[in-house]
Amino acid sequence: AAFWADAIGTFFGGILGTSSVTTYGESMAGVYEGGRTGLTAMWIAFFNFLSMFFAPLFGSIPTLSTGPALIMVGVFMAEGLGTIDWHDYVQAIPSVVTVLLMPATYKIEVGIIAGLMTLAMIKILTLRIVFNLP
């Protein structure tokens, strides 16, 4: 049921011009908090629909005032960097590529795909994909 809610949200989000990643991110947060039936995703879709009408109001807020909130988002995202084994170059190099390309290109998806491609190339070139070496 949650996948259907995601699919419907992605469909209508695409019609309205939003990113498809947004619906999955919101749904994932709902499932993480305990929502399992898809009803959580439907509520999120409903409130996202309501927020469409508040977009002009939010658009009038100067972009300078969103800086502190974005800094906190960056801090929360950076917490995950602590779990990376920086001594293992198979983890470290793709992580650095991902972290550096996201702000440099202004696109999260470019950083993620570059990190995944870097990881795949390192695994192939070091033969870890074949032998599963430590």
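Our structure's up above, just so we're on the same page.
Predicted model, so just to flag it, every value in this text is computed and none were measured.

Caption draft 1: Structural context of the packing of aromatic side chains. Counted by the stated rule, this structure contains five aromatic pairs. Centroid distance Trp 43 to Phe 47: 5.8 Å. Interplanar angle 25°. Geometry classified as stacked. Of this pair, Trp 43 and Phe 47 both sit in helix H3 (residues 39-53), four residues apart, which is roughly one turn of that helix. Judged by its relative accessible area of 47%, Trp 43 falls in the partly exposed class. On the numbers, 5.3 Å between centres and 65° between planes, the contact of Phe 46 with Phe 47 is edge-to-face. Taking relative accessible area as the criterion, Phe 46 reaches 39% and is therefore assigned partly exposed.

Caption draft 2: Inspection of the layout of surface pockets at higher detail. One number sums up the size of the second largest pocket: a volume of about 350 Å³. Per-element accounting of the lining of the second largest pocket gives the leading share, five residues, to helix H5 (residues 67-78). In the lining of the second largest pocket, the residues fall into 10 nonpolar, two polar and no charged.

Caption draft 3: A look at helix H6 (residues 89-105). Over its 17 residues, H6 runs 23 Å from end to end, which matches the ideal 24 Å to within 8%, given 1.5 Å per residue. Listing the buried residues of H6 in full gives Val 90, Ala 92, Pro 94, Ser 95, Thr 98 and Met 102. At the C-terminal side of H6, Tyr 106 shows a positive phi close to 60°.

Caption draft 4: Summary view of helix H7 (residues 108-125). Relative to the 26 Å expected for 18 residues at 1.5 Å per residue, H7 spans 26 Å between its end C-alpha atoms, a close match to the ideal helical length. When we look at burial in H7, the residues that qualify are Gly 111, Ala 114, Gly 115, Thr 118 and Ile 122. One face of H7 carries all of its buried residues, which in axial projection span an arc of 100°. Facing away from the buried side of H7 by more than 90 degrees, the exposed set consists of Glu 109, Leu 116 and Met 117. The elements touched by buried residues of H7 are H6. Phi turns positive one or two residues past the end of H7, at Leu 127, with a value near 65°.

What counts and what doesn't
Residues numbered from 1 in each chain as written. Predicted model: local features only at pLDDT ≥ 70, side-chain atom pairs only at ≥ 80, totals over all residues. Heavy atoms only, no water. Phe/Tyr/Trp six-rings, centres within 6.5 Å; stacked < 30°, edge-to-face > 60°. Helix = DSSP H or I, 4+ residues; strand = E, 2+ residues; numbered from the N terminus. Buried < 20%, exposed > 50% of the residue type's maximum accessible area, 1.4 Å probe, protein only. 1 Å grid on protein atoms, 1.4 Å probe; cavity = no way out; pocket = protein on both sides within 12 Å on 5 of 7 lines; lining within 4 Å. Points joined across faces, edges and corners; volume = space filled by probe spheres on them. Nonpolar A, V, L, I, M, F, W, Y, C, P; charged D, E, K, R; others polar. Expected span 1.5 Å × (residues − 1). Arc of directions from axis to C-beta. Contact = heavy atoms within 4.5 Å.

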